[in-house]
Amino acid sequence: MDKVKGIADKIFNKTSFLVPLVAIILGLLCGAIAMLAGGFDPILAYQSLIKKLFGSAYDMGEAIRAITPLIFTGTAVAFAFRTGLFNIGVEGQFMMGMTGATVIGITLDLPWFLHAPLAIIVGALCGGLWAALTGYLKAVRGVNEVISSIMLNWVALYLSNYIIRAFFVAKGQQKSDPIQESALVSIGWLSDAMDHARMHWGTVIALLGIGVFYIILWRTKQGYELRAVGQSPDAALYAGINVNRTIVKSMFISGLFAGLAGVFETLGVFGYQTILAAPWGYGFDGIAVALLGGNTPIGVLFGAILFGGLSYGSAGMSFGAGVPPELVRIVIGSVIFFIASHGIVKFFIKPFLGRRADKRKEAI
């Protein structure tokens, strides 16, 4: 128990919560200043945002739907970060997961208790294997994962488009044929309760994924090896760890999370796959979510809630206060800036922490 508590204290310490919290506050203040400079009322804008998020059961459900893929992609990025890798290819892995699920969802005719799980597993594996390719290039050929994963994002986009257009496109449309009902993972009764918001089982699995993230990295031997390689590959090699295999394994697990994000967008939200002109953006948003959460499991969850909430609530700011969506991005960008600039945030926190330390000394 003491060991578990010690690990938890390192991950969920005061600084891991305080720094993001202050960064969020500073980001919201910067957003308010930007709105004032543009002639908008920031109080009305933030009120409209909150009303959009919590004003109806439908909006609450759709906000949860928007947050779900960000939990997956944020977890994917944070997992790779924790093992010393920068997985900027989450966008491509997201699309490969989506395509794998679409292929299984359309082509096979199985009972629901086989069809949906198989589509989920295949989609996740497609995302994982696509990420493992980046890991292989780094481990065996020494190719920087940032360069290769960015390139593979575009390969994934055009490969996905080709597969849908060549084999599964609906006649006269820019999307695939509908996925069979037996492969869909919508939660009908919950959608009805939320005024037909697009609720699905991916949200539950995303929350479980947060726990899996923690268990793998901090409660297993494999997790120890992954973190050791991330901290110092040379030291890990000296300790007898197969560094190359560990790099591939890390990217594969990260890609599994990213692939699941795409899977549930297809099977739980749309029920088909669209031919895209540009990436969705969930993978790049996942980088911001991981930064917001300090690459910690609970931090990723809160980061996804904040990022997804701001993105979905931006429509309320537009209609309720006339604020353009671009200003919402300024708020999000400001938060990310302060998260990345720990020194600036700690400058604001330090006087308060100093006072608390002085009071403790006096009490002693």
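Note that the coordinates shown come from a computational prediction; the quantities given were computed from them, not determined experimentally. (Residues numbered from 1 in each chain as written. Predicted model: local features only at pLDDT ≥ 70, side-chain atom pairs only at ≥ 80, totals over all residues. Heavy atoms only, no water.)

**Focus on the overall build of the chain**
Then comes step 1: Scanning the chain from terminus to terminus reveals 16 helices and zero strands.
Then comes step 2: Out of the 364 residues in the chain, the part that is buried amounts to 49%.
Then comes step 3: Considering only contacts within the chain whose residues lie at least 6 apart along the sequence, 78% involve residues at least 24 apart. (Helix = DSSP H or I, 4+ residues; strand = E, 2+ residues; numbered from the N terminus. Buried < 20%, exposed > 50% of the residue type's maximum accessible area, 1.4 Å probe, protein only. Contact = heavy atoms within 4.5 Å.)

**Side note on the packing of aromatic side chains**
Then comes step 1: The full count for this structure, using the stated rule, is 15 aromatic pairs.
Then comes step 2: Both rings, one in Phe79 and one in Phe257, keep their centres 6.3 Å apart while their planes meet at 50°; by these two values the pair is tilted. Here Phe79, found in helix 4 (residues 57–82), pairs with Phe257, found in helix 12 (residues 243–270); they are 178 residues apart in sequence, far enough to count as distant. The pair Phe79 / Phe257 is uniform in exposure class, with both members buried.
Then comes step 3: An aromatic cluster of at least three residues, connected via ring pairs, comprises Phe79, Phe213, Tyr214, Trp218 and Phe257.
Then comes step 4: Sitting above the plane of the Tyr272 ring, Lys175 keeps its charged end 4.2 Å from the centroid. (Phe/Tyr/Trp six-rings, centres within 6.5 Å; stacked < 30°, edge-to-face > 60°. Lys NZ or Arg CZ within 6 Å of the ring centre and 35° of its normal.)

**Looking at the side chain of Ser250**
Then comes step 1: Looking at the element boundaries, Ser250 is found in helix 12.
Then comes step 2: Residue classification places Ser250 among the buried positions, given a relative accessible area of 1%.
Then comes step 3: Here Ser250 is in contact with Phe79, Ala80, Thr83, Leu85 and Leu226, once residues within four sequence places are set aside.

**Digging into unusual backbone geometry**
Then comes step 1: Unusually for a residue other than glycine, His196 sits at a positive phi of about 70°.
Then comes step 2: Assignment of secondary structure puts His196 in the loop between helix 8 (188–193) and helix 9 (202–219).
Then comes step 3: Overall, the relative accessible area of 61% leaves His196 in the exposed class.
Then comes step 4: For Asn295, which is not a glycine, the phi torsion comes out positive at approximately 60°.
Then comes step 5: Mapped onto the secondary structure, Asn295 falls in the loop between helix 13 (282–292) and helix 14 (297–321).
Then comes step 6: Residue Asn295 is classed as buried on the basis of its relative accessible area of 17%.

**Brief notes about helix 7 (residues 145–168)**
Then comes step 1: Over its 24 residues, helix 7 extends 32 Å from the first C-alpha to the last, a length consistent with the 34 Å expected when each residue adds 1.5 Å.
Then comes step 2: When helix 7 is considered as a whole, its buried residues turn out to be Glu145, Ser148, Ser149, Leu152, Asn153, Ala156, Leu157, Ser160, Asn161, Ile163, Ile164 and Phe168.
Then comes step 3: Contacts from the buried residues of helix 7 go to helix 5 (90–107), helix 6 (112–141) and helix 13.
Then comes step 4: With a side-chain oxygen positioned 2.8 Å from the backbone nitrogen of Val146, the residue opening helix 7 is Asn144. (Expected span 1.5 Å × (residues − 1). Polar contact = N/O pair within 3.5 Å; in protein donor to acceptor, adjacent residues only side chain to side chain.)

**Some details on the confidence of the model for the chain**
Detailed reading of the predicted coordinates is not advisable wherever pLDDT falls low.
Then comes step 1: Averaged over all residues, the pLDDT of the chain is 87; the fraction at 70 or higher stands at 89%.
Then comes step 2: Confidence drops under pLDDT 50 across residues 7–14; counting only partners more than four residues distant or on other chains, this segment forms 15 contacts. (pLDDT = per-residue confidence, 0-100.)

**A few points about helix 10 (residues 221–231)**
Then comes step 1: The set of residues buried in helix 10 consists of Gly223, Glu225, Leu226 and Val229. Seen along its axis, helix 10 keeps its buried residues to an arc of 160°; they face one direction. Along helix 10, exposed side chains directed more than 90 degrees from the buried face belong to Lys221, Tyr224 and Gln231.
Then comes step 2: Packing partners of the buried residues in helix 10 comprise helix 4, helix 9, helix 11 (233–238) and helix 12. (Arc of directions from axis to C-beta.)

**Remarks on the packing of helix 5 against helix 6**
Then comes step 1: One way to put it is that helix 5 packs onto helix 6 with a least axis distance of 7 Å and a crossing angle of 150°. Taken as axis vectors, helix 5 and helix 6 run roughly antiparallel relative to one another. Helix-helix and strand crossings are classified by hand; for helix 5 and helix 6 the assignment is right-handed. Two secondary-structure elements touch here, helix 5 through Gly92, Gln93, Met96, Gly97, Gly100, Ala101, Ile104 and Gly105 and helix 6 through His115, Leu118, Ala119, Val122, Gly123, Cys126, Gly127, Trp130 and Ala131.
Then comes step 2: For the contact of helix 5 with helix 6, the per-class residue count stands at nine nonpolar, eight polar and no charged. (Axes fitted to C-alpha atoms, helices over the stretch in contact; angles between N-to-C directions. Parallel < 35°, antiparallel > 145°, perpendicular 65-115°, else oblique. Left-handed = near helix turned anticlockwise from the far one by under 90°. Nonpolar A, V, L, I, M, F, W, Y, C, P; charged D, E, K, R; others polar.)

**Some thoughts on the side chain of His200**
Then comes step 1: Residue position: His200 is located in the loop between helix 8 and helix 9.
Then comes step 2: Judged by its relative accessible area of 2%, His200 falls in the buried class.
Then comes step 3: In terms of polar contacts, His200 uses its side chain to reach the backbone amide nitrogen of Gly202, at 2.9 Å.
Then comes step 4: Leaving out residues up to four positions away in the same chain, His200 has contacts with Arg65, Thr68, Val185, Ser186, Ile187, Phe264, Gly268 and Val269.

**With respect to the pattern of salt bridges**
Then comes step 1: Evaluated as defined, the whole model comprises four salt bridges.
Then comes step 2: In the salt-bridge network here, residues are joined through shared partners; they are Glu62, Arg65 and Arg198. (Salt bridge = Lys/Arg side-chain N within 4 Å of Asp/Glu carboxyl O.)

**Focus: a nonpolar patch on the surface**
Then comes step 1: On the surface, Val155, Leu159, Tyr162 and Phe167 cluster together to form a nonpolar patch covering roughly 400 Å² of accessible area.
Then comes step 2: Checked against the element boundaries, Leu159 lands in helix 7. (Patch = residues over 30% accessible without salt bridge, like charges linked within 9 Å, V, L, I, M, F, W, Y side chains within 5 Å. Areas by Shrake-Rupley, 256 points an atom, 1.4 Å probe, with all protein chains shown as cover.)

**Description of the environment of Met317**
Then comes step 1: Locating Met317 in the fold gives a position in helix 14.
Then comes step 2: Expressed as a C-alpha distance, the spacing of Met317 and Tyr46, which sit 271 residues apart in the sequence, is 7.0 Å.
Then comes step 3: Setting aside residues no more than four positions away along its own chain, Met317 makes contact with Met35, Ala45, Ser48, Leu49, Gly322, Val323 and Val328.

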